[in-house]
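Fold and geometry: a report
The primary structure of each chain is shown beneath.
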Amino acid sequence: MLINIESVSIEDIPTIADIEKRCFPYDYWNEKSFEYAVNHMQDISYRYIFLKAVSEYTQTMGYIIATVVADDCEVHNVAVDIPFRRKRIAETLFKQLEYEVYGIASNIYLEVRKSNISALNLYHKINFQIVGERKNYYDYPREDAILMVKSIC
């Protein structure tokens, strides 16, 4: 399967929002939040990186959204639509994110639900390390988060 990685545009937001709701039915970003991110992708001090994975048939399969502040990058969300999971799409999105922030950020941080074993396995596979835990970080349902980091310098 061919996976193209492209920047998200305003026109992509309804599709991205639909994927978000399917992947995170209780705790999702709304279209206004996505629009804000798209509108701040060129900022210097607090820059959003918002990428989508697109199939050879131009179907959006997933996305990643992160911010770069100083020399740190924080992943806010990564989602792969249900029919496209287990096809290395998330890995490809992370690879492009690393490329985008290389030379700018020293580390990439993320939080993941403690119960999300498939995501934890992926993050370990792509060399993220556990550095802490945040109690009751998530709502709906209330759950702890595992804090992970990957050094990219």
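These notes cover the structure that comes with them. (Residues numbered from 1 in each chain as written. Predicted model: local features only at pLDDT ≥ 70, side-chain atom pairs only at ≥ 80, totals over all residues. Heavy atoms only, no water.)

With that settled, the discussion passes to the environment of V78. By secondary structure assignment, the location of V78 is in strand 4 (residues 72–80). Note on V78: relative accessible area 16%, which makes it buried. Filtering out sequence-adjacent residues up to four positions away, V78 remains in contact with F24, Y63, I64, L93, F94 and Y123. (Helix = DSSP H or I, 4+ residues; strand = E, 2+ residues; numbered from the N terminus. Buried < 20%, exposed > 50% of the residue type's maximum accessible area, 1.4 Å probe, protein only. Contact = heavy atoms within 4.5 Å.)

Here we take up the packing of aromatic side chains. If you walk through the whole model with that rule in mind, you get 10 aromatic pairs. Taking 5.7 Å as the distance between ring centres and 75° as the angle between the ring planes, the aromatic pair formed by Y46 and Y48 counts as edge-to-face. Taking the relative accessible area as the measure of exposure, Y48 reaches 9% and is therefore buried. Through a chain of ring-to-ring contacts, three or more aromatic side chains come together here, namely W29, F34, F50 and Y63. (Phe/Tyr/Trp six-rings, centres within 6.5 Å; stacked < 30°, edge-to-face > 60°.)

Another point: helix 2 (residues 31–39). The complete set of buried residues in helix 2 reads F34, A37 and V38. Within helix 2, the buried residues cover an arc of 100° as seen down the axis, which keeps them to one side. The inward-facing, buried residues of helix 2 abut helix 1 (13–23), strand 2 (47–55) and strand 3 (60–69). N-cap assignment for helix 2: the residue whose side-chain oxygen lies 3.0 Å from the backbone N of K32 is N30. (Arc of directions from axis to C-beta. Polar contact = N/O pair within 3.5 Å; in protein donor to acceptor, adjacent residues only side chain to side chain.)

Turning to its location among the elements, E91 is positioned in helix 3 (residues 89–101). With a relative accessible area of 15%, E91 lands in the buried category. Setting aside residues up to four positions removed in sequence, E91 forms contacts with L122, K125 and I126.

Our focus in this paragraph is the pattern of salt bridges. The full count for this structure, using the stated rule, is 13 salt bridges. In this structure, K150 and E98 form a salt bridge, with 2.4 Å as the shortest nitrogen-oxygen distance. Pair noted here: K150 is in strand 7 (residues 143–151) and E98 is in helix 3, with a separation of 52 residues, a long-range link. Judged by its relative accessible area of 10%, K150 is buried. Here K114 ties to E133 by a salt bridge, and the two come within 3.2 Å at their closest N and O atoms. Of this pair, K114 sits in the loop between strand 5 (107–113) and helix 4 (117–125) while E133 sits in strand 6 (residues 129–138), and the two are 19 residues apart along the sequence. K114 gets classed as partly exposed once you look at its relative accessible area, which sits at 38%. The class for E133 is partly exposed, based on a relative accessible area of 36%. When salt bridges with common partners are traced through the structure, they connect K114, E133, K135 and D144 into a single cluster. (Salt bridge = Lys/Arg side-chain N within 4 Å of Asp/Glu carboxyl O.)

Glancing now at the environment of V38. Looking at the element boundaries, V38 is found in helix 2. The residues contacting V38, other than those within four sequence positions of it, are V8, S9, I10, I13 and F50.

Look at helix 1 against helix 2: their axes get within 10 Å of each other, and the N-to-C directions meet at 125°. When the interaxial angle is binned, helix 1 and helix 2 end up oblique. Where helix 1 crosses over helix 2, the handedness of that crossing is right-handed. Here helix 1 contributes I13, P14, I16, A17 and E20 to the contact with helix 2, which in turn contributes E31, F34, E35 and V38. Among the residues forming the contact of helix 1 with helix 2, the class breakdown is 6 nonpolar, no polar and 3 charged. (Axes fitted to C-alpha atoms, helices over the stretch in contact; angles between N-to-C directions. Parallel < 35°, antiparallel > 145°, perpendicular 65-115°, else oblique. Left-handed = near helix turned anticlockwise from the far one by under 90°. Nonpolar A, V, L, I, M, F, W, Y, C, P; charged D, E, K, R; others polar.)

All quantities given are derived from atomic positions and should not be read as evidence of function.
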